[in-house]
Amino acid sequence: MDDELAELYAPFGLRISAGDITLRLFRDSDLPAYAELISSPLFPDETAPHVFDWWARDPVVRLREGQQWLWRARAGLEPRNWTLTMAVFDGDRLVGSQDVAARDFSTRRVVDSGSYLRLDAQGGGIGTLMRQMILVLAFDHLGALRAESGAIVGNERSLAVSRRCGYQLNGTKITMNGDRRVEMQRTVVTPTTFIRPEIDVSVRGLTAELREQLGVDAAG
């Protein structure tokens, strides 16, 4: 079935693997596990300023809007603006989500990323590895020149993961988290500063069709 889906829509064939951890695009068959994922605890302190705004919504609304986000991101992949929303599996268990996104990638060669990991899967290195895996895709296979990310000031766990991947501080900005004004610590990593994982990362399914869809080989 996976091969059939990839033949119909190239992004479904993309798969990044390292040890027991696998990243691949969310499918509709993942929705029951996804519903459980975004209903499970993600933060030790759910009242902290850096808790996602969508986490505070009614669970029914959270699930509906989460599914709509997955469908929009998947359907909206085009060279000028794309987001790959990857399901993170530890073995057969869905434990998190890892995004990588870009605008005008063919000319800018810059990606942005965001992620979350269920609380009971944190602390064992998965959060660091899944971000390293997406950077291997970005730098080694897409030809990105830099990757940007950020965390709300006070989210030390997220910033610690960033440091373990080689991200460096890149100034701050004021942004909104829902209706709350927050200070965001920006970070940036390049192929030179990237701290690679200690295990091999395999990338499969980055076909010519998908590369075209992401603007990878377009002249810039």
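Throughout what follows, the structure given in this document is the object of discussion. What you see is a predicted model, and the numbers here were worked out from it, not measured in a lab.

Each value, and the rule that gives it
- Residues numbered from 1 in each chain as written.
- Predicted model: local features only at pLDDT ≥ 70, side-chain atom pairs only at ≥ 80, totals over all residues.
- Heavy atoms only, no water.
- Salt bridge = Lys/Arg side-chain N within 4 Å of Asp/Glu carboxyl O.
- Helix = DSSP H or I, 4+ residues; strand = E, 2+ residues; numbered from the N terminus.
- Buried < 20%, exposed > 50% of the residue type's maximum accessible area, 1.4 Å probe, protein only.
- Expected span 1.5 Å × (residues − 1).
- Arc of directions from axis to C-beta.
- Contact = heavy atoms within 4.5 Å.
- Polar contact = N/O pair within 3.5 Å; in protein donor to acceptor, adjacent residues only side chain to side chain.
- Core = buried A, V, L, I, M, F, W, Y, C linked by side-chain atoms within 4.5 Å.

## What about the pattern of salt bridges?
Applying the stated criterion to the full structure yields 9 salt bridges. Of the charged contacts in the structure, one is a salt bridge between Asp 104 and Arg 80, with a shortest N-O distance of 3.3 Å. On the criterion of sequence distance, the pair formed by Asp 104 in the loop between strand 4 (93–103) and helix 4 (105–108) and Arg 80 in the loop between helix 3 (59–75) and strand 3 (81–90) is long-range, its members being 24 residues apart. Given a relative accessible area of 59%, Arg 80 falls into the exposed group.

## Some words on helix 3
Between its terminal C-alpha atoms helix 3 stretches 24 Å, which fits the 24 Å expected from 17 residues at 1.5 Å a residue. Within helix 3 the residues assigned to the buried category are Arg 62, Gly 66, Gln 67, Leu 70, Ala 73 and Arg 74. An end-on view of helix 3 places all buried positions within 135 degrees of arc, on one side of the element. Along helix 3, exposed side chains directed more than 90 degrees from the buried face belong to Val 60, Arg 72 and Ala 75. Contact partners of the buried residues in helix 3: strand 2 (21–25), helix 2 (31–37) and strand 3. Near the N-terminus of helix 3, the side chain that reaches the backbone nitrogen of Val 60, with its oxygen 2.9 Å away, is that of Asp 58.

## Digging into the nonpolar core
If you look at the biggest cluster of nonpolar residues, it comprises 43 residues, and the most contacted ones within it are Leu 23, Trp 82, Leu 84, Val 111 and Leu 135. Breaking this core down by element, the ones donating at least two residues are strand 1 (15–18), strand 2, strand 3, strand 4, strand 5 (110–117), helix 5 (126–141), helix 6 (156–165) and helix 7 (208–214). Considering every element that reaches this core, the biggest residue donor is helix 5, with 10 residues. Excluding anything up to four places from it in sequence, Val 111 contacts Trp 82, Val 100, Ala 101, Ala 102, Phe 105, Ala 138, Ala 144, Arg 146, Ala 147 and Glu 148. Counting residues in each nonpolar core, the second largest holds 12 residues, with Leu 42, Ala 87, Phe 89 and Tyr 116 among its members.

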